[in-house]
Amino acid sequence: MGKTVLDLKNFNVTYLNKHQRVHAVKNASFKINKGDSLGLVGESGSGKSTLAMALLRLLPLKTTEISGAANFIGKDLVKLSEKELRKIRWKELSAVFQKSMNSFSPVHKIGTQVEDIYRVHEPGAKKKEIFEKFSYLLELVKLSDRVYSSYPHELSGGMLQRVSIAVSLINDPELLVMDEATTALDVVTQGEILDEVVKMEKELDMTRIMITHDMSVVATSCNKVAVIYAGELMEVGLVKDVLKNPLHPYTKGLLNSFPSLKGKNKELQGISGFLPDLSKKYAGCIFSSRCEHVMDICKKQKPKQVEEEGRLLNCHLYGGGN
Amino acid sequence: MIETILNDKQLFFGILGIIFLLSVFALAPVIAPQNPYNYGPDILNGIGENGHLLGTNKMGQDIFSMIIYGARTSLQVAVISALISGLIGIIIGGIAGFFGGIVDEILSEIINIFMMLPTFFLILLIISLFGNSIYNVMIVIGLTTWPRNAKLMRGEALSLRERTFVKAATAMGENKPQLLFKYIIPNGLFPVIANTTVGMANAILTEASLSFLGLGDPNIISWGQMIYEGKSYLTSAWWIAFFAGIAIVITVTIFYLLGDGLNHVMNPKHSVGKGV
Amino acid sequence: MKRYIGKRVLTGIITILIVFSINFVIINIAPGDPVKTLMGQETDDPELRAALEEKYGLDEPLPVQYLTYLKNALKGDLGISIIYNRPVIKMITEKLSATILLVLTSAILSLLIGTIMGIIAARKEDSIIDLIFSGFSYILNSVPSFWLGLLFIILFSTVLKILPTYGMTNVRTSYTGLAYVWDVIKHMVLPVSTLVLIQIPLYFRIAKSSVLQVINEDFILTLRATGMREKKIFNKYVFKNAILPTVTTFGISLAYLITGVVLIEIVFAWPGTGRLVLTAINQRDYPTLMGIYLIMSVSIAVMMMIIDILYAMLDPRIRY
């Protein structure tokens, strides 16, 4: 295993409303090593995007509260000042966001935007140098360098998402966060892009967090997976372990609600019930109200994170206690 | 319903204001201390003189009473012209959006062209040729301000005709005019109504401007007429023009508040609980 | 792009034709016969009647009359003012420069002031400044322009006697050179202020709402994530995106000003087309009124066309 790129410890994100505090992410802890690709999976509203946006420090200061530690190559992302943050933005930590159609200014050419972005960290860079660097990245995502002099509206959604990926890599970041980066695309394009990302990763030695609600995206493009439910991590482990043999009841439920990855036609099942109201405090396990294996203790006490079969689990069923 | 009204300040004050204006409209003879159509015995009183709260004009007409009665004129102009303009706009826009294709292309182009014409001057021209009765003013304002309503109705009709209930009705064999008048127009009416309140405000301003040019109905008391008349006495009796203007500002603001409030109700942009 | 311009010019031409047609229809359906309308209700001169009938071919069928009318109008012959016995087009062009001076000055000033206010309000949304600007703009939106002008006159002729309240120059003196320019500027302050105040809400609203909309776009989030400075994000990316709607607003504002300036000219006795309109109304001088209507409509149509084409050139998304 390579060195640790991101070490998350008891990471919390709380939204402050006029009337209430919404605990969007609670006590999240996991590690990502160099070369890893972690899939962060959960239903919509589970807090996965919030976690990503909080790591990128892009949530509005006035209405959010972040606590805990996020050690990113020796710096704590939670405590960095705006100035220190600006130094690592994009250069060390970059991102691809969900809505590809709106990820570029519609009235500026792609090239202009790329130049401005590159010059944030390399103010003296020449146009030609940037163009050459970007052309190489465009090639990696299978686009012609004509894109450089195009306006965003002249490209399709899939092309724009490829451009976004190329832009995110322009400064060779240590860590790339992809927030539902392929969700808005059709299945074929999505598959192609994921293939390219995996190939690129080998070439560029990238480390990546992939935020998605789609287990098949995780299966095809990640080596680690973290399952998040109602703001809390349920199970974290290697994709090959977790997908083949999920231990947490929630992970099992989530996998059952997707078509089998190996082509066996099992009957699809959803998980009954709804996400709990995150503005309330719960004494027990957050999943207990929907869990099939619920026990008395689940309603009274929060499970501690335990390690079992090479993965981290938050469940009273494991850890030997009960 | 009540909660929506209380939650939106603009809607709340707009509705409150309209209730106020309608009360003034209905109770004018009770509120007004004198009948402003009668000339008083006292010539040109200042503010508060001889029991005239806001003074009188040179013919002894009580300004406060004139303002109360002027509300009647303004509201009549607003409502009747808005009805005419709304009706034309709804029919033309409804047809354009519902039938689509070449009909829509031609009607849309016509709507766009009419939106570019200088409405106020056209009204001025027609009124000066056809005579300046208050009814002419109402009708002409109505006839010249429909394009915005038409544009809104067209947009609504375009999206409504793709909706399931309209398709279902088509499948059940309802003919086109039935569809248009039974489903499309009633369901697309709300944005036009919201826009109509703005149209009413503009109608009041237009009537006042016409009066200011001497094209008002001389047999009727209107705020615009009062300003027109007061123009000659700005330095000696400023109150004649001043309070009439205040009345216009308040009334027009009320209509704008109502219009904005209704628009908020239609597209509530600020949804609560963003994120998570 | 060429196709778009072609299409837009065609619409412009159709608009102008419709304006002429409306005018023609009005002449023909107005109470009394068309000659009376053109000649003035009070005059009845058989010679003049015969001359007009021949000129407009009034004994011909309506379609022929229409063509004759169009031909005359397109040649710039807008008829003769009976009251002054002069060609209408001449009377209007004489007064045009004074009007254009007011229109352009106030158009540019209101564009600048309103837009800057809108941007400030959007950047400090919900602050005291935003509340004051928004409230101010909301009320101004309801104020009749001519009444605002009258308020200025009340204020400046009775209390603050520092600015002239009527005319374009001081008639008692005959300034030349810089002194003349200064005199005109002083006379312009009140009418221009009135027009600017009335126009501010238009620009304020559009600038504020489009800045607010743009700063919530996804690409702004991306740019923030790149570590780009807020100042650069705003000055380059937010600004160019948010300013586009203002271009269209400028057209709407000019169109309003071209007709709205009439009222303000009358209030401040400014020697432009406004005075012409007022006397024409009072004297029932219909050819002059119609001529002014035609010229206004044509200039609005042409101007809107230019604005639309300009917008298409600025916004890369419009390509037909």
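Residues numbered from 1 in each chain as written. Chains lettered and ligands numbered in written order. Predicted model: local features only at pLDDT ≥ 70, side-chain atom pairs only at ≥ 80, totals over all residues. Heavy atoms only, no water.

Some words on the interface of chain B and chain C
Counting residues at the interface gives 38 residues for chain B and 46 residues for chain C. If you sort the residues of chain B by the area they bury against chain C, Met116, Phe121 and Leu129 of chain B come out on top, with a joint share of 19%. Scanning the region where chain B abuts chain C turns up 1 salt bridge. The residue Asp260 of chain B makes a salt bridge to Arg205 of chain C at a minimum N-O spacing of 3.4 Å. Inspection of the region where chain B meets chain C yields 8 residue pairs in polar contact (both at pLDDT 80 or more). Of all the secondary structure elements, the ones that give two or more residues to the side of chain B that touches chain C are α4 (101-116), α5 (119-130), α9 (176-212) and α11 (239-266) of chain B. Per-element accounting of the side of chain B that touches chain C gives the leading share, 11 residues, to α11 of chain B. Residue composition of the side of chain B that touches chain C, by class: 29 nonpolar, 6 polar and 3 charged. (Contact = heavy atoms within 4.5 Å. Buried area = accessible area lost by both parts, 1.4 Å probe. Salt bridge = Lys/Arg side-chain N within 4 Å of Asp/Glu carboxyl O. Polar contact = N/O pair within 3.5 Å; in protein donor to acceptor, adjacent residues only side chain to side chain. Helix = DSSP H or I, 4+ residues; strand = E, 2+ residues; numbered from the N terminus. Nonpolar A, V, L, I, M, F, W, Y, C, P; charged D, E, K, R; others polar.)

Some words on the nonpolar core
Core analysis: the largest hydrophobic core is formed by 141 residues, its most contacted members being Phe121, Leu124, Ile227 and Phe255 of chain B together with Leu289 of chain C. The element that contributes the greatest number of residues to this core is α11 of chain B, accounting for 15 residues. Both domains that meet at this core, namely domain 1 (1-83 + 283-320) and domain 2 (95-280) of chain C, each give it at least three residues. Those residues in contact with Leu289 of chain C that sit more than four places away from it in its chain are Phe121, Leu124, Leu125 and Ser128 of chain B together with Val277, Ala280 and Ile281 of chain C. (Core = buried A, V, L, I, M, F, W, Y, C linked by side-chain atoms within 4.5 Å. Buried < 20%, exposed > 50% of the residue type's maximum accessible area, 1.4 Å probe, protein only. Domains from an automatic or database assignment.)

Re the interface of chain C and chain A
The interface of chain C with chain A comprises 21 residues on the first partner and 23 residues on the second. The contact between chain C and chain A buries some 2,100 Å² in all, and 66% of this surface belongs to carbon and sulfur atoms. Run the count over chain C and chain A and you get 2 salt bridges. A salt bridge links Lys236 of chain C to Asp116 of chain A; its shortest N-O distance comes to 2.7 Å.

Considerations on the packing of aromatic side chains
Summed over all chains, the structure comprises 14 aromatic pairs over all chains. Note on Tyr229 of chain A and Phe287 of chain A: the rings are 5.0 Å apart at their centroids and 80° apart in plane angle, and the pair reads as edge-to-face. With Tyr229 of chain A in strand β9 (residues 224-229) and Phe287 of chain A in the loop between α9 (249-256) and α10 (296-300), this pair connects stretches of sequence that are 58 residues apart. Three or more aromatic residues link up through ring pairs in this structure, and these residues are Phe131, Phe134 and Tyr148 of chain A. Cation over ring: Arg123 of chain C sits above Phe234 of chain C, and NZ or CZ is 3.9 Å from the ring centre. (Phe/Tyr/Trp six-rings, centres within 6.5 Å; stacked < 30°, edge-to-face > 60°. Lys NZ or Arg CZ within 6 Å of the ring centre and 35° of its normal.)

Quick word on unusual backbone geometry
Residue and element names in this part refer to chain A. One non-glycine residue, Asn10, adopts positive backbone phi at about 45°. If you trace the backbone, Asn10 turns up in strand β1 (residues 4-16). Backbone geometry places Asp172, a non-glycine residue, at a positive phi of 45°. Here Asp172 is to be found in the loop between α5 (157-168) and β7 (175-179).

Considering the domain arrangement of chain C
Residues and elements named next belong to chain C. Its domain assignment divides chain C into domain 1 (1-83 + 283-320) and domain 2 (95-280). Computed from C-alpha coordinates alone, the two centres of domain 1 and domain 2 are separated by 30 Å. Domain 1 puts 17 residues into the contact, and the matching count from domain 2 is 18 residues. Between domain 1 and domain 2, a total of about 1,500 Å² is buried, with carbon and sulfur atoms accounting for 82% of that surface. Linking domain 1 to domain 2 there are 0 salt bridges. On inspection of domain 1 and its partner domain 2, the count reaches 0 residue pairs in polar contact (both at pLDDT 80 or more).

Remarks on the packing of helix α11 (residues 273-283) of chain C against helix α12 (residues 286-314) of chain C
Residue and element names in this part refer to chain C. Two elements in contact, α11 and α12, have axes whose closest approach is 8 Å; the angle formed by their N-to-C orientations is 145°. The handedness of the crossing between α11 and α12 is left-handed. Contacts between α11 and α12 involve Thr273, Leu276, Val277, Ala280 and Ile281 on the former and, on the latter, Thr288, Leu289 and Ile292. In terms of residue class, the contact of α11 with α12 is built from 6 nonpolar, 2 polar and no charged. (Axes fitted to C-alpha atoms, helices over the stretch in contact; angles between N-to-C directions. Left-handed = near helix turned anticlockwise from the far one by under 90°.)

Structural notes on the state of the cysteines
All names here are of chain A. In this structure the tally under the stated criterion is 0 disulfides over all chains. You can see Cys285 has no disulfide; the closest cysteine sulfur is in Cys298, sitting 6.0 Å from it. The thiol of Cys315 is not disulfide-bonded; the next cysteine sulfur, from Cys291, is found 6.2 Å away. Classification of Cys315 as buried rests on a relative accessible area of 9%. (Disulfide = S-S within 2.5 Å.)

Details of the pattern of salt bridges
Residues and elements named next belong to chain A. Counted according to the given criterion, the structure contains 25 salt bridges over all chains. A salt bridge links Lys26 to Glu232, with the nearest nitrogen and oxygen atoms 3.2 Å apart. Highlighted residues: Lys26 in strand β2 (residues 21-33) and Glu232 in strand β10 (residues 232-238), separated in sequence by 206 residues. One exposure class covers both Lys26 and Glu232, and it is buried. Among the ionic pairs, Arg162 bridges to Glu196, the shortest N-O distance being 3.2 Å. One end of the pair, Arg162, is in helix α5; the other, Glu196, is in helix α6 (residues 187-204), with 34 residues separating them in the sequence.

Regarding the side chain of Ser85 of chain B
Residue and element names in this part refer to chain B. In this structure, Ser85 sits in helix α3 (residues 63-99). For Ser85, the side chain forms a polar contact with the side chain of Asn149, separated by 2.9 Å. Setting aside anything within four residues of it in sequence, one finds Ser85 in contact with Gly142, Thr145, Trp146 and Asn149.

Here's the deal with the sheet that holds strand β4 (residues 64-72) of chain A
Residues and elements named next belong to chain A. Spatial ordering of the open sheet is given by β2-β1-β4-β5, a layout of 4 strands whose pairing is antiparallel. Either end of the sheet is taken by a strand with one partner, and the two such strands are β2 and β5 (75-76). Pairing geometry for β1 and β2, over 9 bridges, is antiparallel. Directly across from Tyr15, in β2, lies its bridge partner Val22. Packing of helix α1 (residues 48-55) onto the sheet brings it into contact with β1, β2 and β4, and relative to β1 it is tilted by some 110°. (Pairing = 2+ DSSP bridges.)

Observations concerning the packing of α9 of chain B against helix α10 (residues 223-230) of chain B
Residue and element names in this part refer to chain B. Closest axis-to-axis distance for the α9/α10 pair is 7 Å, and the angle between their directions is 30°. With respect to their mutual orientation, α9 and α10 come out roughly parallel. Every pair of crossing elements has a handedness; the one defined by α9 and α10 is right-handed. Where α9 abuts α10, its residues Glu207, Ala208, Ser211 and Phe212 lie against Gly224, Gln225, Ile227 and Tyr228. (Parallel < 35°, antiparallel > 145°, perpendicular 65-115°, else oblique.)

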